[in-house]
Amino acid sequence: MRECEGDYVLADNVWDETVWVWRQTEAPRGCKVEIVEGLITVAPLSSVAHNGVAGRVQRRLHDVVPEEWGVYQRLPLAVPGRLGLFESDLAVVPEALLRAGDEQLILASKAELVGEIVSAATATNDRIHKLAGYAQAGVPLYLLIDSLAPGGPTVTLYGEPKGDVYRVLSAAEFGDPLRLPAPFDLTIDTSEFPES
């Protein structure tokens, strides 16, 4: 890869070029800058309710993950095979990956669980593109918290990825508990989640 006068890159492949553009993209503070299906996207600042849900689930996960794992918000997870780089709302990954150097992203395939919280700006990406991307990367569990679901606020746990498809392991309406299987063995109390 060769940078030309700081404002363009000659890359050997589309992935390297797209990641270079992602790194150069400036957005207002708090906005998510992601690569979705090869396109750089900028999503607006998350709502207070969105951050509250992420914080609640993160606290519950911290109680059950092994000591060598961490639970992170907005961790850049790369899915090069789908030209995707997602800033996950929640990700459980081995802490050693964060100490590995100054790299700006981690391969999604290293995550044990990824969670996304749907907003109006990210609904299609969270429900379709990220679902397929995380499945293709082989992330064992994908937790989708969707207060905007057409049938009403729902939390869906996906697992058993095969290709770019997951199987629905369980789903719960807001207010009902949702169980995460081993290695988490955790019940999430969705009654704590605001509906919008």
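It should be noted that the structure appears before, not after, this text.
Source: prediction; values computed, not measured.

Turning our eyes to something else, we now look at unusual backbone geometry. Here A182 and P183 are connected by a cis peptide whose omega angle stands at 10°. Among the structural elements, P183 can be located in the loop between β14 (177-180) and β15 (186-189). The phi dihedral of E37 is positive, around 55°, even though this residue is not glycine. Mapped onto the secondary structure, E37 falls in the loop between β3 (32-36) and β4 (39-43). Not every positive phi belongs to a glycine, and D185 is a case in point at roughly 45°. Tracing the backbone through its elements, the reader meets D185 in the loop between β14 and β15.

Now for the sheet that holds strand β8 (residues 90-94). In spatial order, the strands read β5-β8-β10-β11-β12-β13; together these six strands make up an open sheet with mixed pairing. Two strands lie at the open edges of the sheet, namely β5 (69-72) and β13 (165-173), each paired on one side alone. Direction aside, the axes of adjacent strands within the sheet are offset by 20° on average. Pairing of β8 with strand β10 (residues 113-117) involves three bridges; the strand directions are antiparallel. Bridge pairing in β10 places A91 opposite V114. Those strands touched by helix α3 (residues 123-137) are β10, β11 (141-146), β12 (154-162) and β13, and its axis lies near 170° from that of β11.

Another point: helix α1 (residues 14-24). For α1, the complete set of buried residues consists of W15, T18, V19, W20 and W22. Sitting at the amino-terminal end of α1 is N13, which places a side-chain oxygen 3.1 Å from the backbone nitrogen of W15.

Here we come to the side chain of K32. Tracing the backbone through its elements, the reader meets K32 in strand β3. The exposure class of K32 is buried, given its relative accessible area of 5%. Among the polar contacts listed, one links the side chain of K32 to the side chain of D89, at a separation of 3.0 Å. Excluding its chain neighbours within four sequence positions, the residues that come into contact with K32 are T41, V42, A43, R74, E87, S88, D89, E116 and K130.

Our next topic: helix α2 (residues 48-62). Between its first and last C-alpha, α2 extends 21 Å over 15 residues, near the 21 Å set by a 1.5 Å rise per residue. Within α2, burial applies to H50, V53, A54, G55, V57, Q58 and L61. Where α2 is buried, its residues contact β5, β8, β10, β11, β14 and β15.

Close approach of charged atoms allows side chains with opposite charge to pair. Evaluation of the coordinates by the stated rule reveals 12 salt bridges. K32 serves as the salt-bridge partner of E116, at 3.7 Å between the closest nitrogen and oxygen. Here E116 is found in strand β10, whereas its partner K32 is found in strand β3, with 84 residues between them in sequence. The pair E116 / K32 is uniform in exposure class, with both members buried. Between E37 and R82 there is a salt bridge, with its nearest N and O atoms 2.9 Å apart.

For strand β7 (residues 84-88), the buried fraction is high: five of the five residues fall into the buried class. Here five bridges tie strand β6 (residues 75-79) to β7, and the two strands are oriented antiparallel to one another. Within β7, the residue paired with P76 across the bridge is E87. The loop that links β6 with its antiparallel partner β7 comprises four residues; one of these, L83, has a positive phi angle of about 50°.

Here is what the cut-offs are and how they apply
- Throughout, residues of each chain are indexed from 1 in the direction in which the sequence is written.
- Where totals are concerned, whole chains, interfaces and linings use all residues; where local detail is concerned, this predicted model gives features only for residues with pLDDT of at least 70, and gives and counts side-chain atom pairs only at 80 or more.
- The basis for every side-chain value is the complete set of non-hydrogen atoms in the structure, without hydrogens or water.
- Labels follow the DSSP assignment, with helices taken as runs of H or I lasting at least four residues and strands as runs of E lasting at least two, numbered in each case from the N terminus.
- For two strands to be treated as a pair, DSSP must find no fewer than two bridges joining them.
- To define axes, lines are fitted to C-alpha atoms, for helices over the stretch in contact only, and angles between the resulting N-to-C directions are given on a 0 to 180 degree scale.
- In what follows, a contact means two residues having at least one pair of non-hydrogen atoms within 4.5 Å.
- Relative accessibility thresholds used throughout: buried, under 20% of the residue-type maximum; exposed, over 50%; partly exposed, between the two (1.4 Å probe, protein chains only).
- Identification of polar contacts relies on pairs of N or O atoms within 3.5 Å, with a donor-acceptor requirement for protein atoms, meaning one able to donate a hydrogen and the other able to accept it, and with residues adjacent in sequence counted only if both atoms are side-chain atoms.
- To estimate the expected span of a helix, count its residues, drop one, and scale the result by 1.5 Å.
- Only one rule defines a salt bridge in this text: a Lys or Arg side-chain nitrogen within 4 Å of an Asp or Glu carboxyl oxygen.

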